[in-house]
Amino acid sequence: MEYQFNRIAVKIGSNVLTRKDGTLDVTRMSALVDQVAELHKNGVEVVLVSSGAVASGRSELKPARKLDSVEQRQLFSAVGQAKLINRYYELFREHGIAVGQVLTAKESFATRRHYLNQRSCMRVMLENGVIPIVNENDTVSVTELMFTDNDELSGLVASMLGVQALIILSNIDGIYNGSPSDPGTEVIRTVEHGKDLSDYIRTEKSGFGRGGMLTKTTIARKVADEGITVIIANGRRDNILTDLMLRPETTVCTRFVPSDGGVSSVKKWIAHSEGFAKGELRLNRKAADAVRGDRAVSILPVGVAEVKGEFEKDDIVRITGEDGGLIGVGRVGVDSDEARRMLGKHGQKPLVHYDYLYLE
Ligand SMILES: Nc1ncnc2c1ncn2[C@@H]1O[C@H](COP(=O)(O)OP(=O)(O)O)[C@@H](O)[C@H]1O
Ligand SMILES: N[C@@H](CCC(=O)OP(=O)(O)O)C(=O)O
């Protein structure tokens, strides 16, 4: 069989795995496992990012008192993740395939060392024919430091492992060019680099989801810019994965066309690290224009109007323009005290070298 990709990440959204009453949809899960197993047997490496812990725990329990949202998330995910991984384990075992659980948190990607550690964990699993099943560890994730949702996590995993495609499965056929429930609206089949979709995306989410279509679109764009095809499709459709892999032209989905420029491993890490930024370099107008231009330029002290916050050498900092708007993120070559001393001076080494600069 001729598959179009041989290493993919598949994100399965809460809504794909959850029935209307909140219980785990084992029939759907089993159908998806069958398809992943078929791909795996035909030599396609698959990493699964699966939601569904909170949703599947919720239906198991009747809390003794009213719980706040953090307690609910902790309790439901603790029970639900065990149930979820157990199901996956049993379903894949029927195909003779080993799976492994990777529970992670945003902090586990915070430094380059953490990031590489996560990468080696998943790489060694793939090397040994084990399918990693990744989810955020909702039992310990602190609200302010959580991933927006598993779309963000799946983008990070896809980028980190250098997959050829990230397939985001939700309960909808793709991104619609209007309200999905309005007659006359249809799925946008292809999204080219730079196409603005903001008019189409409504902020509402489906019943059990966390981030909604907005995070999917933001993540899809970022990942496609790194050279990875991103597909948003309906995980509730029969044979969706097999169809996407074998019959891409005739299967309804939204496909983000990947950029062809290769992005270095360090830049990929930086691209997904804005949430860890410790400080900020605010550029003057001339520097901002230069950085936004076509040429590859580093951030020199002479172009920085203000250094905000405290940071160490090699931390991630936000790069902003005169108006404070985000231009990019980068790994800074000096600590904040030294950066302040160098501010505005000519003939100094770059504060952020171009190789460690990711522009939005
Ligand atoms: N333009 C749009 N096209 C498609 N879906 C949209 C659009 N705008 C908002 N949505 C909503 O996004 C939802 C999918 O996101 P989400 O609830 O996060 O799902 P998941 O749990 O699978 O991640 C859809 O069910 C739909 O209600
Ligand atoms: N870690 C959570 C995932 C919640 C979440 O982000 O869901 P989704 O809307 O599918 O991206 C869980 O397993 O319930």
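Going by the annotation in an unreviewed UniProt entry, the name recorded for the chain is Glutamate 5-kinase, with Bacteroides gallinaceum given as the source organism. Annotation of the chain in UniProt includes, under Catalytic activity (unreviewed entry), the sentence "L-glutamate + ATP = L-glutamyl 5-phosphate + ADP".

Colleague: What is the right way to read the side chain of E226 from this model?
Modeller: Within the fold, E226 resides in the loop between α7 (213-225) and β7 (229-234). For the buried residue E226, which engages in no salt bridge, the nearest side chain bearing the opposite charge is K268, 5.6 Å off. Side-chain polar atoms of E226 contact the side chain of H272, separated by 2.9 Å. Residues in contact with E226, not counting those within four places in the same chain, are S159, V263, K268, A271 and H272.

Colleague: What should I look at first to understand the domain arrangement of the chain in this one?
Modeller: The parts lose accessible area when they come together, and the size of an interface is often stated as this lost area. Taken domain by domain, the chain consists of domain 1 (7-263) and domain 2 (273-359). Domain 1 puts six residues into the contact, and the matching count from domain 2 is four residues. Of the roughly 440 Å² buried between domain 1 and domain 2, counting both surfaces, carbon and sulfur atoms make up 65%. Summed over the three residues of domain 1 that lose the most area to domain 2, namely K106, A110 and K222, the buried surface amounts to 65% of that side. Where domain 1 touches domain 2, the interface holds zero residue pairs in polar contact (both at pLDDT 80 or more). Looking at the side of domain 1 that touches domain 2 residue by residue, the classes come out as two nonpolar, no polar and four charged.

Colleague: Honestly, the sheet that holds strand β5 (residues 165-170) in this entry has me stumped. Any pointers?
Modeller: Note on sheets: strands pair through backbone hydrogen bonds, and any given pair is parallel or antiparallel. Taken in spatial order, the eight strands of this open sheet run β3-β4-β2-β1-β5-β7-β8-β6, and their pairing is mixed. The open sheet has two edge strands, β3 (99-104) and β6 (190-191), and neither has a second partner. Both β5 and β7 contribute to a ladder of six bridges, which runs parallel. Looking at the pairing, L166 lines up with V230 of β7. Contacts from helix α2 (residues 26-41) reach β1 (7-12), β2 (45-50), β4 (131-136) and β5, with the element oriented near 155° to β2. The strands touched by α7 within the sheet are β1, β5, β6, β7 and β8 (254-256), with β7 carrying the most contacts at an inclination of about 150°.

The rules behind the values
- Residues numbered from 1 in each chain as written.
- Chains lettered and ligands numbered in written order.
- Predicted model: local features only at pLDDT ≥ 70, side-chain atom pairs only at ≥ 80, totals over all residues.
- Heavy atoms only, no water.
- UniProt positions renumbered as here; feature names shortened; annotations may be inferred.
- Helix = DSSP H or I, 4+ residues; strand = E, 2+ residues; numbered from the N terminus.
- Buried < 20%, exposed > 50% of the residue type's maximum accessible area, 1.4 Å probe, protein only.
- Lys, Arg positive; Asp, Glu negative; His and termini not counted.
- Salt bridge = Lys/Arg side-chain N within 4 Å of Asp/Glu carboxyl O.
- Polar contact = N/O pair within 3.5 Å; in protein donor to acceptor, adjacent residues only side chain to side chain.
- Contact = heavy atoms within 4.5 Å.
- Domains from an automatic or database assignment.
- Buried area = accessible area lost by both parts, 1.4 Å probe.
- Nonpolar A, V, L, I, M, F, W, Y, C, P; charged D, E, K, R; others polar.
- Pairing = 2+ DSSP bridges.
- Axes fitted to C-alpha atoms, helices over the stretch in contact; angles between N-to-C directions.

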